[in-house]
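# Results of the structural survey
Each chain, written out:
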Amino acid sequence: RVQLVESGGGSVQAGGSLRLSCAASGDSVSNYCMGWFRQAPGKEREGVAGISTGGGRTYYGDSVKGRFTISRDNTKNTLYLQMNSLKPEDTAMYYCAAGPTYVCYLGSWSPYKYWGQGTQVTVSS
């Protein structure tokens, strides 16, 4: 079982940037497809980005394409999300998740099995 802890959230003005991190323990992230999700109050959870075990395949939700970049450092057992050109509509709780490897091969948003507790991102206009 892998435990996930997100960090790096905060408050930023529109147009700004943030970098989220997700530190894993209990197992190696190299065994998992990894992803970032977000959920705003009153809205359903949304897939933001996914990355395959070796980092060779990445995919993004339509609303963040060209602005967000997912990456991973398996030697540090850590997942990242670089968020640029942030918009107020990016305001949400952001979660990292780990799932079986085939999820990334399919470019799917499910099923992810392990979840972090989340980190809040707030973008003001």
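Residues numbered from 1 in each chain as written. Predicted model: local features only at pLDDT ≥ 70, side-chain atom pairs only at ≥ 80, totals over all residues. Heavy atoms only, no water.

## Some points on the side chain of Thr-119
We apply this condition: Helix and strand definitions here come from DSSP, where helices need a minimum of 4 consecutive H or I residues and strands a minimum of 2 consecutive E residues; each element is numbered from the N-terminal end. Any residue under 20% of the maximum accessible area for its type is buried, any over 50% is exposed, and the rest in between are partly exposed; the area is computed with a 1.4 Å probe on protein chains only. Two N or O atoms count as a polar contact when they lie within 3.5 Å, although within protein this holds only if one can serve as hydrogen donor and the other as acceptor, and sequence-adjacent residues are included solely when both atoms are side-chain atoms. Residue contacts are counted whenever heavy atoms from the two residues lie within 4.5 Å of one another.
Structurally, the position occupied by Thr-119 is in strand β11 (residues 119-124). The exposure class assigned to Thr-119 is buried, which follows from its relative accessible area of 10%. At 3.1 Å, the side chain of Thr-119 and the backbone nitrogen of Gly-9 are in polar contact. Beyond its immediate sequence surroundings of up to four residues, Thr-119 is in contact with Glu-6, Ser-7, Gly-8, Gly-9, Leu-20, Ala-92, Met-93 and Tyr-94.

## Some points on the sheet that holds strand β1 (residues 3-7)
Inclusion rule: DSSP-based pairing: two strands are paired if at least 2 bridges between them are found. Fitted lines through C-alpha atoms serve as axes, helices being fitted only where they are in contact, and the angles separating the N-to-C directions of these axes extend from 0 to 180 degrees.
In space, the four strands of this open sheet follow the order β1-β3-β8-β7, with antiparallel pairing throughout. One side of each edge strand has no neighbouring strand; the edge strands of this open sheet are β1 and β7 (68-73). If you compare each strand with its neighbour and ignore which way they point, the axes differ by 15 degrees on average. Here β1 runs beside strand β3 (residues 18-25); their pairing, made up of five bridges, is antiparallel. Pairing of Val-5 across the sheet is with Ala-23, part of β3.

## A look at the pairing of strand β9 (residues 92-99)
In terms of burial, β9 is largely enclosed, as seven of its eight residues are buried. Bridge analysis of strand β4 (residues 33-39) against β9 gives seven bridges, and the strand direction is antiparallel. Its bridge partner being in β9, Met-34 is matched across the sheet by Ala-98. Where β9 and β11 come together, three bridges link them in antiparallel fashion. Across the sheet, residue Ala-92 finds its bridge partner in β11, namely Val-121. In this structure, β9 lies alongside strand β10 (residues 114-115), joined through two bridges in antiparallel fashion. The residue of β10 that forms the bridge with Ala-98 is Tyr-114.

## With respect to the state of the cysteines
A covalent bond bridging the sulfur atoms of two cysteines is what the word disulfide describes. We count it as follows: Note on disulfides: each one is a pair of cysteine sulfur atoms within 2.5 Å.
Within the structure shown, the criterion is met by two disulfides. Sulfur-sulfur distance for the disulfide between Cys-22 and Cys-96 comes to 2.0 Å. Residues Cys-22 and Cys-96 are joined by a disulfide whose S-S torsion is about 50 degrees; by sign, that bridge is right-handed. With a gap of 74 residues between them, Cys-22 in strand β3 and Cys-96 in strand β9 connect regions that are remote in the sequence. Just as Cys-22 is buried, Cys-96 falls in that class too. Between the sulfur atoms of Cys-33 and its disulfide mate Cys-104 the distance is 2.0 Å. One disulfide, between Cys-33 and Cys-104, carries an S-S torsion of 75 degrees and so falls in the right-handed class.

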